[in-house]
Each structure stands twice: as C-alpha cells, then as structure tokens.
Amino acid sequence: MLNSIKSKLGQSIRNKRLNVFGLFFLIAFLILVVTKLSETYVETIPFNVEYKNLPEANVITLDSVPKVNVTVSTHGFNLFSYYFYDNSYQLDFETSTFVKDNTYIWLAEKGTYAIKEQLGNSVKIVSVTPDTLRFPFGKLSTKMVPVVLKSKVSYALGYDALNGIELMPDSVKVIGAEDQISEIAFIETVPFNLNNVKTNVDTELDLAFESTSKHLKLSEDNVRIKAEVEKFTEGTFEIPISILNLPNTNEINFFPKHIKVAYYLSLKDYKYVTPNDFKIECDYNEVLASGKSYFTPKLIVNSSKVKTAKMKQNKVEYIIIK
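The structure presented is a predicted model; accordingly, all values stated were derived computationally and were not measured.

Rules behind the numbers
- Residues numbered from 1 in each chain as written.
- Predicted model: local features only at pLDDT ≥ 70, side-chain atom pairs only at ≥ 80, totals over all residues.
- Heavy atoms only, no water.
- Helix = DSSP H or I, 4+ residues; strand = E, 2+ residues; numbered from the N terminus.
- Buried < 20%, exposed > 50% of the residue type's maximum accessible area, 1.4 Å probe, protein only.
- Contact = heavy atoms within 4.5 Å.
- Areas by Shrake-Rupley, 256 points an atom, 1.4 Å probe, with all protein chains shown as cover.
- Pairing = 2+ DSSP bridges.
- Core = buried A, V, L, I, M, F, W, Y, C linked by side-chain atoms within 4.5 Å.
- Phe/Tyr/Trp six-rings, centres within 6.5 Å; stacked < 30°, edge-to-face > 60°.
- Arc of directions from axis to C-beta.
- Polar contact = N/O pair within 3.5 Å; in protein donor to acceptor, adjacent residues only side chain to side chain.

1. Side note on the overall build of the protein
Step number 1: A tally of helices and strands in the protein yields five helices and 25 strands.
Step number 2: Expressed as a percentage of the 322 residues in the protein, the buried residues total 31%.
Step number 3: Contacts spanning at least 24 positions in sequence make up 73% of the contacts within the protein whose residues lie at least 6 apart.
Step number 4: Accessible area of the protein: about 21100 Å², with a carbon and sulfur share of 53%.

This is the structure:
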C-alpha cells in the first residue's frame, strides 16, 4: 500500500515537470516566431490581374489571366497574410492604361501607385514585373448560329419519330469579339445516344462549346430536345404517270403507265392517305434538252402525314409516234 502511494506521488511530480517543460518550450517558440516576424524581409508576391472599368462595348481577347509579380520589403507580420489568400490587383482601364492599335497598355511605372495603395503604407515596393502588360481587345458583338444535334438514335421495330427530333431553341447567340465570333458557323450539342426507342423523347441537352477563347459566351447553355414517337407502317399505291409539256403535234407511247410508290407514315394516319395525295410527272422538255431516250420520273407528295415515300422504278421508256 505504501509503495503504491510513493509510486503515484513520483509519477505526479514527473508529469508536472513535463508540463512545466512543455509550457516553457511553447513560450520560447512563440518568442522566436514573434522575433522572426518582426524582422524585415524582401519577398516576391504574385498578383492575379482583375479588370475594372472596362468599357461595355469592348471585350478583352486574352486567353489567360495575366499576373504581375510584386517584390516588396516589409515586416514578416505583413507578409504572413499574403500566404493564405489569393492576391489580386484591380487594374483600372480608365486611369491605368492607354490605347494603341486596339490594345490597352499598362505600364508598371504608372500602376505602382495603385498597387502601393492596395498594399498599404507599411509595405515598400521594390520592383514590379513585367514592366508592361498588353490587353488586346475587340468590339463586343453577337451572332446567331444554328444548333446541330450530335446524336445516334435508333427506334424499335415499327416505331419512328412523327416529326423528327425537334430542338428548342434551334439556334443560339454567340457573344464576344466580332473577329472571333465570325469564325463560328454552328454549335453542336454533346453526344446524345438512344437505342430501341418506342416512347416520346423530352429532355435537356448541354451544348458542347469548346471555344479557343474564354471570352466567348452563349445565350443558352443547353437546349431542349423533343420527339413524338409513334407506331409506323408502310403502304403502297399504283400511281399513274403524267407527261408534261408534250407538244400538240407529237404523240408518244411510254411504259410503264403506272409506278408503284411505297410510303411510310404513322399508323394512326394510315386511313387518311389516298392515291390522290401522290403525283408522278415526266417532263418532255427535259428529255429534249438532255437527249435521253427515257424519262426520269419525279414524285410529288401532297400530304404532310407521309414521312417518306419512294418510287419502285426510276425510268420511264418512251417512243415518239409520228
């Protein structure tokens, strides 16, 4: 029992000694840090350039954010904060630049004062590099371009889109410098793939806009795509051939007199389509001009309900009867 008490008492004394040692070590470390931070240092601090008072009609065409490296002399306390925050320099285009050849030019010797104001009086600026920054700019403009759907859509057997795939909107505005947007002819969507489709499609799709310039923007980030999918079927009709522009003095015999037409449409519209919705015409003037010994028939479809139609024959033989 006595030995146990002596052991605990000794342990307690040793722990107190360790605690006192740790306290003195911490105090010594803090004194060292304060001493070091009180000294004067020369360090180079990078600053990202941010734009201020840029005229609304102009757009900077640089592809990267410029930086200025500011070498300063100051106490360690002042430098300490710059290691924990993103540093930025507000470049005022009204007061800190001049224009030459469609380029804003900033000179370090003139911009140093603004940087000094931002850093405060306790910091001495030793140097600023680079000594010149150039900001080419263009006139802000807009251009309407079509949206191109980049898709691979396959429908289930017997199904199809009634009016194809619709894009809303089908065109967007490109906003940026006039000389840059003039090179853009269209904007593609991100890839859109569907297989074995038999129900309606209605979804949003992002635009794949990978411009070489970060300063070009679109009026829309995405478009809506819709497709009304229905059961489809095929029908056929025998359609008589009409000869156009045949002179009254001529008489011809031609073969065949009818051509079979296969057409594709929605099953619900099948009963509304008749042979009168189709015409097949041959132009006599065309064979006179070309010297061909046969007509090339042309199919005319007069029903919006028919999605596609195709003739089973593409030549009509003829003989002139005198």
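2. Here we look at the sheet that holds strand β25 (residues 316–321)
Step number 1: In space, the three strands of this open sheet follow the order β19-β25-β22, with antiparallel pairing throughout. In the strand order of this sheet, the two ends are held by β19 (251–255) and β22 (294–295), each with one partner.
Step number 2: When β22 meets β25, the two strands line up antiparallel, connected through two bridges. Along β25, the bridge assignment pairs Y294 with E317.

3. Some remarks on the nonpolar core
Step number 1: Formed by 21 residues in total, the largest nonpolar core has its most connected members in V68, V70, W106 and F135.
Step number 2: For this core, the elements supplying multiple residues, two or more each, are β1 (40–52), β3 (67–75), β4 (88–92), β6 (103–107), α3 (108–119), β7 (124–129) and β8 (132–148).
Step number 3: Not counting chain neighbours up to four residues away, the residues in contact with F135 comprise V49, Y51, I60, L62, P66, L91, F93, N102, T103, Y104 and W106.

4. Remarks on the packing of aromatic side chains
Step number 1: With the rule as written, the count across this model stands at twelve aromatic pairs.
Step number 2: Seen in terms of ring centroids, F237 and Y263 are 5.1 Å apart; in terms of plane orientation they differ by 15 degrees. Their pairing is stacked. Here F237, found in strand β18 (residues 229–244), pairs with Y263, found in strand β20 (residues 258–266); they are 26 residues apart in sequence, far enough to count as distant. Comparing F237 with Y263, the two get one shared label, buried.

5. Some words on α3
Step number 1: When α3 is considered as a whole, its buried residues turn out to be A108, G111, I115 and L119. Summarising the axial view, the buried residues of α3 lie within an arc of 85 degrees, below the 170-degree limit, and thus occupy one face. Relative to its buried face, α3 has exposed residues pointing more than 90 degrees away, namely K110, Y113 and E117.

6. Notes on the side chain of T189
Step number 1: As for its placement among the helices and strands, T189 is situated in strand β13 (residues 187–189).
Step number 2: Among the polar contacts made by the side chain of T189, one reaches the main-chain amide nitrogen of K150 at a distance of 3.0 Å.

7. A few points about the side chain of E230
Step number 1: With respect to the helices and strands, E230 occurs in strand β18.
Step number 2: For E230, the side chain forms a polar contact with the side chain of K268, separated by 3.0 Å.
Step number 3: Each residue touching E230, except ones within four places of it in the same chain, is listed here: G158, Y159, D160, L162, S266 and K268.

8. Details of the pairing of strand β21 (residues 278–283)
Step number 1: Side chains of β21 alternate between two faces, with F278, I280 and C282 buried and K279, E281 and D283 left unburied.
Step number 2: When β18 meets β21, the two strands line up parallel, connected through four bridges. If you follow L244 over to β21, its bridge partner there is D283.
Step number 3: Sheet analysis places β21 next to strand β23 (residues 298–301), joined by four bridges and oriented antiparallel. Its bridge partner lying in β23, E281 is registered against K298.

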